[in-house]
Amino acid sequence: MIKIQVDMDTCQHYGQCVFEAPKIFHLNDDDKLEYLAEVDDDERGNVEAAVDVCPMQAIRIVE
Ligand code: SF4
């Protein structure tokens, strides 16, 4: 399993991570980011893509 943390104080809810990894990240009806804190290892590539694309560098993979 991969653990994910998003700094919600830093996140600006732009949603780039949603495009990279829609199974993990999504914007709710209030346009606030929601995400899965634990995902299977086979999602690692998508998580890393989300980390790379986040303009606020708000996403961290916690090993
Ligand atoms: S890309 Fe970064 S700033 Fe944008 S919603 Fe995702 S975590 Fe938040």
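The structure presented is a predicted model; accordingly, all values stated were derived computationally and were not measured. Per chain, the residues get numbers from 1 upward, laid out in the order the sequence is written. Given that this is a predicted model, residues contribute local features only at a pLDDT of at least 70 and side-chain atom pairs are listed and counted only at 80 or more, while totals for whole chains, interfaces and linings are drawn from all residues. In computing side-chain values, all of the structure's heavy atoms are included and hydrogens and water are not.

Focus on the overall build of the chain
- The helix and strand inventory of the chain stands at 2 helices and 5 strands.
- Note on conventions: DSSP H or I runs of at least 4 residues are helices, E runs of at least 2 residues are strands, and numbering of each starts at the N terminus. Shown N-terminal to C-terminal, the secondary structure of the chain runs as helices and strands in the order β-α-β-β-β-α-β.
- Radius of gyration here is computed from C-alpha atoms only, and the compact-globule reference equals 2.2 Å multiplied by the residue count raised to the power 0.38. A compact globule built from 63 residues should have a C-alpha radius of gyration of about 11 Å, and the chain, at 10 Å, falls within 12% of that.
- In terms of principal-axis extent, the alpha carbons of the chain reach across some 30 × 20 × 15 Å.
- A burial count over the chain gives 29% of its 63 residues as buried.
- A sequence separation of at least 24 residues applies to 58% of the contacts in the chain between residues at least 6 apart. Three labels apply to residues, based on accessible area from a 1.4 Å probe with only protein chains included: buried if under 20% of the type maximum, exposed if over 50%, partly exposed otherwise in between. Residues count as neighbours in contact if any of their non-hydrogen atoms are within 4.5 Å of one another.

Let's talk about the nonpolar core
- By size, the foremost hydrophobic cluster in this structure holds 15 residues, and its most contacted members are Ile4, Val6, Ile24, Phe25 and Ile59.
- Elements with a minimum of two residues in this core: strand E1 (2-6) and helix H2 (44-53).
- Sort the elements by how many residues they give to this core and E1 lands first, with 3 residues.
- If we ignore the near neighbours within four places in the chain, the residues touching phenylalanine 25 are Ile4, Val6, Cys17, Val18, Leu33, Glu34, Tyr35, Ala50 and Ile59. For this analysis, a nonpolar core means a set of buried residues of the types Ala, Val, Leu, Ile, Met, Phe, Trp, Tyr and Cys, connected via side-chain atoms within 4.5 Å.

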